[in-house]
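Here are the chains, one letter per residue:
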Amino acid sequence: MNLFCVVILAFLTGCSAFTSRSVDTQSQAKINLSPDCSRIKDFFDQDLAQYQNRLDKASAEYQDEQWKVEAAEPGNSPQKMGSLFEAYQKVAYDVPLLQKLLELSKASEKVSPQDCIWRERLVRAKQIAETGILTKEEVIRKEKENQEKQDELSHLSNSFRVQIPGEAEPISKALLSKKIGSIEDRTEREQLFKQFNASRAQAWLNWGFKDLVKARNQEARLAGFKNYYDYRFFRNQLNLKNYLSNVREVRTKLAPKIRKIIKALGKQYGISKVEPWDLRYLREKSSSGEVNALFKEFPENEVMKVAGDFYSSLGIDVNSYGFRMDLYPRPGKNTHAFAMGVVAPQVNELGEILPVPKPDIRFLANLKKPVQWDDISTIIHELGHAVHFGEIRQPVAVFRGFGSVETEAIAMTLERMADSSEFLEDILPKYTAASSESLKPMLARQEKSTRIEQAFVLLRQVLFSEFERAIYLNPDQDFSKLWAKIFQDYWGLSLRPEHADWDVDHFVMAPVYVQNYAIGILMVQQLYQSILKDFGTSYRSKAIGEKLKSKYFGPGAEFDYLRLIREFTGKPLTAEAALRLLEGIES
């Protein structure tokens, strides 16, 4: 669970290469700037800096109360948290500031970015401001109205339970899916799937999900967009053209390989013809890691040591950041692991951290026995968010932060590095009873299953996003028939519409968000392959950590994710590396 997205609502998004940029900032402060360039710099130093300081203060107050609620600390107040969020929004939606920024941008159109670096930064600030600050009252009202509808439907969806044979109490959709994927008896699995798989999707229709989709489209049209899907891509600063191009590559080149693997897995587990009710079962069988069993006696209070070893190999001392940690479960506490950035480091033009305000970064987990490797890799992932926030060295106030796609991608990359056979070969003999020799065949299987599962997840998220885009393009169509068609296109399995479980949680609670996971996986594969090529190792190099700090962590929000990936890897974001996920794996 990534709670960093809460603190990056307005001007906090994106990442960039940093070292050379900070030098530019310093040098241009010393030379005689043109009058137009000076006006832009003054706007950053005064108007935008003051706005960012107000935003940081409101965000920190909200985040502090949110932490208390999530950690179930005494005296926490969800009502106070809600009020603080409203206060944050009032600060964030600074329309006069946006108008001043737009006027300055128009007046300085003839200023060359080559002669004035502040002009280039103004273009980036304009992009962030236009996507983050709403100016039309009718859009704001519709957004609030739709949020209320969304909250109501989310509550109904979260409360949904279904009574199935063999269970004493009704179970949630998540537990139903998990149960279908774990049943060994194929006949029982088929019966359960056919009887209950689409139950919540039908409930969504009864509760008015189609009306919500249409209302969101109305919000988009009020904002000047054809549909809500395109609108959210704009608001999230995502490049729809680039995304759709990569989706076509994944669908046409990766999906056929996955379909072959599905058939092969079916034969491996005695299924001559794979059906939709077998899909999750086969994925669970394929990805059930043998490494998990090695940690069954591992003390939960040793997990942070393993994570510390990983980051130490990159030259990153996790203990040096002074993270506020809450690591063990207790009643009422959020059951997910997450990192939360409350106060970002503030630096001068040399990148030196200022003593005030003191950085405030928090980390919550629920470590308990039996420990699994999945628990440890999750900690490494979430620490990636925390380290990312802690390594911001951005002297330009308005770029003091990062975006959800950028931080999710790098946290996933760090987790992928820790899942490598190279790291596991080093730490398993140290922390478990496994010998180096016994590990080789196990880790070879683990590496294969990891790559297959990543390909599955990528294809699944792309499928979700294709379906979601289609329902906003035509909300009157039959969602079950649409899902059945796309399902067959991707997995090669024939699904009857009456069994279609198109009710993906994000479609209600986080609309037009699932593509972020797909983009993240594309970035992960490109970043990971770049690291292997440049350093010849997946983690055994402090130089990797230095590059992460200078090219990814340090700069904050100066570039968008497409510029960021090009800066780090030397190439534009494509599906090329992801398409090699299944390279060399027998079908």
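Colleague: Would you mind going over the overall build of the chain with me for this structure?
Modeller: Along its length, the chain carries 25 helices and 3 strands. Over its C-alpha trace the chain gives a radius of gyration of 25 Å, about what one expects of a compact globule, namely 25 Å for 587 residues. Taking the principal axes of its C-alpha atoms as reference, the chain extends roughly 75 × 60 × 50 Å. Split into buried and exposed, the 587 residues of the chain put 56% on the buried side. Put simply, 79% of the contacts in the chain that link residues at least 6 apart link residues at least 24 apart. The chain carries 81 positive and 79 negative side-chain charges, and their two centres are separated by 3 Å.

Colleague: Honestly, the pattern of salt bridges in this entry has me stumped. Any pointers?
Modeller: Side chains that differ in sign of charge can pair as their charged atoms come close. Overall, the coordinates contain 49 salt bridges when judged by the stated rule. The salt bridge involving Glu120 is made with Arg563; its shortest N-O contact spans 3.5 Å. With Glu120 in helix H5 (residues 117-132) and Arg563 in helix H24 (residues 561-569), this pair connects stretches of sequence that are 443 residues apart. Among the salt bridges present, the one from Arg416 reaches Glu447, with a minimum N-O distance of 2.9 Å. Residue Arg416 is located in helix H17 (residues 404-418), and its partner Glu447 is located in helix H19 (residues 436-473); the two are separated by 31 residues in the primary sequence. For Arg416, a relative accessible area of 5% translates into the label buried. What you see here is one network of salt bridges that share partners, running through Asp64, Lys68, Asp360 and Arg362.

Colleague: Whenever I open this one, the environment of His155 confuses me. Can you help?
Modeller: In this structure, His155 sits in helix H6 (residues 137-159). Using a relative accessible area of 55% as the deciding quantity, one classes His155 as exposed. C-alpha of His155 to C-alpha of Asp503: the two residues are 348 residues apart in sequence and 14 Å apart in space.

Colleague: So what exactly am I meant to see when it comes to the nonpolar core here?
Modeller: Among soluble globular proteins, nonpolar side chains are generally buried collectively. Counting residues in each nonpolar core, the largest one holds 145 residues, and the members touching the most others are Phe209, Phe310, Tyr311, Trp373, Trp483 and Trp491. Here Phe209 is in contact with Leu153, Trp204, Ile471, Phe479, Trp502, Phe507 and Val508, once residues within four sequence places are set aside. In this structure, Cys37, Ala58, Trp118 and Phe399 belong to the second largest nonpolar core, which totals 28 residues.

Colleague: Looking at this structure, how should I read unusual backbone geometry?
Modeller: Most peptide bonds are trans, and most residues other than glycine sit at a negative phi. Val356 connects to Pro357 through a cis peptide bond whose omega is -5°. Along the chain, Pro357 falls in the loop between strand E2 (338-343) and strand E3 (360-364). Lys369 connects to Pro370 through a cis peptide bond whose omega is -5°. On the secondary structure map, Pro370 appears in the loop between E3 and helix H16 (373-390). A positive phi angle, close to 50°, is found at Val512, a residue other than glycine.

Colleague: Looking at this model, I keep getting lost on the side chain of Glu422. Mind explaining?
Modeller: Along the chain, Glu422 falls in helix H18 (residues 421-431). Among the residues examined, Glu422 registers a relative accessible area of 19% and is labelled buried. Here Thr537 takes part through its side chain, which lies 2.8 Å from a polar atom of the side chain of Glu422.

Colleague: Would you explain the sheet that holds E2 in this entry?
Modeller: The strands that make up a sheet pair up through hydrogen bonds in the backbone, lying either parallel or antiparallel. The sheet built from 3 strands is open, its strands ordered E1-E3-E2 with mixed pairing. Each end of this open sheet is capped by a strand with a single partner; those strands are strand E1 (324-326) and E2. The average undirected angle you get between the axes of adjacent strands in this sheet is 15°. By the bridge criterion, 3 bridges tie E1 to E3 in an arrangement that is parallel. Bridging from a neighbouring strand, Arg324 pairs with Arg362 of E3.

Colleague: Teacher, can you tell me more about the packing of aromatic side chains here?
Modeller: The geometry of an aromatic ring pair comes down to the distance between the two centres and the angle between the two planes. As enumerated under the stated definition, the model contains 38 aromatic pairs in all. Summarising the aromatic geometry, the rings of Phe467 and Phe479 are spaced 6.1 Å apart at their centres and angled 80° between planes, so their arrangement reads as edge-to-face. Separated by 12 residues along the polypeptide, Phe467 in helix H19 and Phe479 in helix H20 (residues 479-491) bring together distant segments of the chain. Residues Phe467 and Phe479 agree in their burial class; the two are buried. Taken together, the ring pairs connect Trp204, Phe209, Phe464, Phe467, Phe479, Trp483, Trp502 and Phe507 into an aromatic cluster. Above the ring of Phe479, the side-chain terminus of Lys210 is found at 4.7 Å from the ring centroid. Above the ring of Phe559, the side-chain terminus of Arg563 is found at 3.8 Å from the ring centroid.

Colleague: Would you mind showing me how to read the packing of helix H15 (residues 303-313) against H18 here?
Modeller: A pair of packed helices is characterised by two quantities: the angle between their axes and the separation of those axes. Where H15 meets H18, the axes come as close as 11 Å, and the angle between the chain directions of the two elements is 145°. As H15 packs across H18, the resulting crossing turns out to be right-handed. Here Lys305, Val306, Asp309 and Phe310 of H15 lie close against H18, whose contacting residues are Phe423, Ile427, Lys430 and Tyr431. Among the residues making up the contact of H15 with H18, the classes are represented as 5 nonpolar, no polar and 3 charged.

About the cut-offs
Residues numbered from 1 in each chain as written. Predicted model: local features only at pLDDT ≥ 70, side-chain atom pairs only at ≥ 80, totals over all residues. Heavy atoms only, no water. Helix = DSSP H or I, 4+ residues; strand = E, 2+ residues; numbered from the N terminus. Rg over C-alpha atoms; globule rule 2.2 N^0.38 Å. Buried < 20%, exposed > 50% of the residue type's maximum accessible area, 1.4 Å probe, protein only. Contact = heavy atoms within 4.5 Å. Lys, Arg positive; Asp, Glu negative; His and termini not counted. Charge placed at Lys NZ, Arg CZ, Asp CG, Glu CD. Salt bridge = Lys/Arg side-chain N within 4 Å of Asp/Glu carboxyl O. Core = buried A, V, L, I, M, F, W, Y, C linked by side-chain atoms within 4.5 Å. Polar contact = N/O pair within 3.5 Å; in protein donor to acceptor, adjacent residues only side chain to side chain. Pairing = 2+ DSSP bridges. Axes fitted to C-alpha atoms, helices over the stretch in contact; angles between N-to-C directions. Phe/Tyr/Trp six-rings, centres within 6.5 Å; stacked < 30°, edge-to-face > 60°. Lys NZ or Arg CZ within 6 Å of the ring centre and 35° of its normal. Left-handed = near helix turned anticlockwise from the far one by under 90°. Nonpolar A, V, L, I, M, F, W, Y, C, P; charged D, E, K, R; others polar.

By themselves, these observations are geometric and do not establish any function.
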